[in-house]
Amino acid sequence: MLNSARSEPVANSADSLPNPEAFERVRRRLRAELGEDVFSSWFGRLELTEVTGSVAQLSVPTRFLKSWIQSHYVDRLKALVIDEISDVTEINLSVRGAVARMAPRPAVPAQNEIVPVERPMLERLNSETMSPAVKAPSETDALAGAPLDRRLTFSNFLVGKSNALAHAAAERISQNTSGEPLLYNPLFVHAGVGLGKTHLLHSIAHETTARGRRVIYLTADRFMYGFVAALKAQTAISFKERLRGIDLLVIDDVQFLQGKSIQQEFCHTLNALIDSGRQIVIAADRPPTDLESLDERVRSRLAGGLVVEMGTLDESLRVKIIEARVALARMHQPGFDVSPAVVSYVAKTIVSNGRDLDGAVNRLLAHATLTGGTITVEAAETAIRDLVRAREPRKVKIEDIQKLVATHFNVSRADILSSRRSASVVKPRQIAMYLAKVLTLRSLPEIGRRFGGRDHTTVLHAVRKIEGAVGADSGLREDVELLKRMLQD
Ligand code: ADP
Ligand code: MG
């Protein structure tokens, strides 16, 4: 099988076309030499992209495959390629994703000027027309807060089932007036990445500022930085005083807050602000109870107000977000037209989060600009293909774990399933069981069955053993990490 690049137009002359038969012979010889397991683990997805001069351009889909092949098999691979493909004296191995992420090359030169796509176009268009974000504070003025993004306001925050409650609370808080009892304090919003936390927090900060109230927006990083800087400069008191002189404190990504004294300070600040009737809004990627790095008092203080989760964006909300992004892009590029069919296709395909929806619209825009044509559903599919691939969590199979671990430790999969108890087999077996537990949703008894009919207590023992061992043995930890990443890649 040859790669997808063939279905795309090849810009260079015919002598760069790959030779499928010769490459097939390379694959056959590799398979014969290494055996089916090793071959399919490492070379199953190796492709010959083209031959440029005397260099065979080979590619694999992931960085890990590339580095693995490079460190273990590159000499053999090179020898076989040189042997089988005439006039080739060198090989070059690259990662396909890096190429796929760029917009496809147009079949014919587009009429319009070609716009480089390194930087997301939408972002660039936005930053050109909208005035820049509020000036970043100087190093010495850490408490000036982090800059607010002008694009992130209530007016373009779209409301759906998943975020209606958080949005309502946010709007309500923005309308607080002085002296009024605060209903939701602190407001704690949690959601996965790209689901609109920062957008909502910036909206609150903008709106509150617009009503003439004093707001500080900080990321957890900035809070820590500000506090540490103030301590160093011996201005910690004024840092606190200034914090206490505000009406609203907004802290984003609080899961990153670390360090004992900083947490203590954070806790004091929270208490002092809440007790003196100031509003606090916090966002994190998890609920307060799961913020393990924070001490109990902080957690319970955070949990003591209104805690709201924003769920994943449902399809109708995704449609609204895509339409809004397209409309925004059209202000700068009136020819950019996306049919309802394409919007619906993207909304059905990109289910992860708002960030990926932005990415998808950027790609459609790049595609439309480069080809100058209208976007069909088919073209949209090509344009966002890599986004979809990158986001689909790969389902890890127990069989793949066993094969990979066996290859890695130079034993056979049969050894792993066998009842042999020699150390050279026991360790890989335990690692494979551990990986099966952490990378799949299988139960312990199920994993036991898949490992040669073992009891679930054996699996539990293996899992505990490896968990303990990775803490103490950095070599093992690296091995396990590498295996994990290769399986999930
Ligand atoms: P988080 O902080 O939760 O990781 P962001 O607030 O940065 O997520 O959102 C990621 C992107 O998705 C931003 O461009 C944001 O404007 C957009 N987005 C997320 N939710 C919404 C929404 N409800 N309406 C409009 N845009 C949204
Ligand atoms: Mg964020």
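Conventions adopted
Residues numbered from 1 in each chain as written. Chains lettered and ligands numbered in written order. Predicted model: local features only at pLDDT ≥ 70, side-chain atom pairs only at ≥ 80, totals over all residues. Heavy atoms only, no water. Phe/Tyr/Trp six-rings, centres within 6.5 Å; stacked < 30°, edge-to-face > 60°. Helix = DSSP H or I, 4+ residues; strand = E, 2+ residues; numbered from the N terminus. Buried < 20%, exposed > 50% of the residue type's maximum accessible area, 1.4 Å probe, protein only. Core = buried A, V, L, I, M, F, W, Y, C linked by side-chain atoms within 4.5 Å. Domains from an automatic or database assignment. Contact = heavy atoms within 4.5 Å. 1 Å grid on protein atoms, 1.4 Å probe; cavity = no way out; pocket = protein on both sides within 12 Å on 5 of 7 lines; lining within 4 Å. Points joined across faces, edges and corners; volume = space filled by probe spheres on them. Polar contact = N/O pair within 3.5 Å; in protein donor to acceptor, adjacent residues only side chain to side chain. Expected span 1.5 Å × (residues − 1).

Student: Can you walk me through the packing of aromatic side chains in this structure?
Tutor: Each pair of aromatic rings is reported with the distance of its centres and the angle of its planes. Under the counting rule described, the total for this entry stands at 2 aromatic pairs. On the basis of an interplanar angle of 70° and a centroid distance of 5.3 Å, the ring pair of Phe-43 and Tyr-73 is categorised as edge-to-face. Taken together, the residues Phe-43 in the loop between helix 2 (36–42) and strand 1 (47–52) and Tyr-73 in the loop between helix 3 (63–72) and helix 4 (74–84) connect sequence positions 30 residues apart. With respect to burial, Phe-43 and Tyr-73 carry one shared label: buried. Between the aromatic rings of Phe-223 and Phe-266, the centroid separation amounts to 5.4 Å while the plane-to-plane angle is 80°, which identifies the pairing as edge-to-face. Taken as a pair, Phe-223 in helix 9 (residues 220–232) and Phe-266 in helix 11 (residues 260–275) lie far apart in primary sequence, 43 residues in all.

Student: When you look at helix 17 (residues 398–408) in this model, what are you seeing that I'm missing?
Tutor: For the α-helix, the turn length of 3.6 residues means that residues three or four positions removed from each other point alike. Counting buried positions along helix 17 yields 8 of 11 residues, so the element is predominantly enclosed. What helix 17 keeps buried is the set Ile-398, Ile-401, Gln-402, Lys-403, Leu-404, Val-405, Ala-406 and His-408. Phi turns positive, to about 60°, at Asn-410, one or two residues after helix 17.

Student: What should I look at first to understand the nonpolar core in this one?
Tutor: One broad trend across soluble globular proteins is that nonpolar side chains are buried collectively. Within the largest apolar cluster, 53 residues are counted, with the highest numbers of intra-cluster contacts made by Trp-42, Phe-43, Leu-58, Leu-77, Val-81 and Leu-435. A per-element tally of this core places helix 19 (residues 423–439) first, with 7 residues. Built from parts of two domains, this core gets at least three residues from each of domain 1 (14–98) and domain 4 (398–488). Apart from the residues within four sequence positions on either side, Trp-42 is in contact with Leu-65, Trp-68, Ile-69, Tyr-73, Leu-404, Thr-407 and Met-486.

Student: How should empty space enclosed by the protein be read in this particular structure?
Tutor: Scanning all chains against the criterion turns up 1 cavity of 30 Å³ or more. A volume near 30 Å³ is recorded for the largest cavity. Together, Arg-172, Ile-173, Asn-176, Leu-182, Leu-183, Tyr-184 and Gln-279 line the largest cavity.

Student: Please explain the side chain of Gln-279 as it appears in this structure.
Tutor: Looking at the element boundaries, Gln-279 is found in strand 7 (residues 279–284). Residue classification places Gln-279 among the buried positions, given a relative accessible area of 2%. In this structure the side chain of Gln-279 is engaged in a polar contact, spanning 2.7 Å, whose partner is the backbone oxygen of Tyr-184. Among all residues touching Gln-279, those that are not within four sequence positions of it are Ile-173, Asn-176, Leu-182, Tyr-184, Asn-185, Pro-186, Leu-187, Asp-247, Leu-248 and Leu-249.

Student: Could you clarify how one ought to interpret helix 11 in this entry?
Tutor: Taking 1.5 Å per residue as the helical rise, helix 11 with its 16 residues ought to reach 22 Å, and the 22 Å between its terminal C-alpha atoms agrees with that figure. Those residues of helix 11 that sit buried are Ile-262, Gln-263, Glu-265, Phe-266, Cys-267, Thr-269, Leu-270, Leu-273 and Ile-274. Just downstream of helix 11 lies Gly-277, where phi reads positive at about 75°.

Student: Got a minute to help me understand the environment of Ile-350 in this structure?
Tutor: If you trace the backbone, Ile-350 turns up in the loop between helix 14 (340–349) and helix 15 (354–371). Take Ile-350: its relative accessible area is 3%, and that puts it in the buried class. Sequence spacing of Ile-350 and Leu-387 is 37 residues, and the spatial spacing of their C-alpha atoms is 8.0 Å. Non-local contacts of Ile-350, meaning those with residues more than four positions away in its chain, are made with Arg-318, Asp-356, Leu-357, Ala-360, Ile-384, Leu-387 and Val-388.

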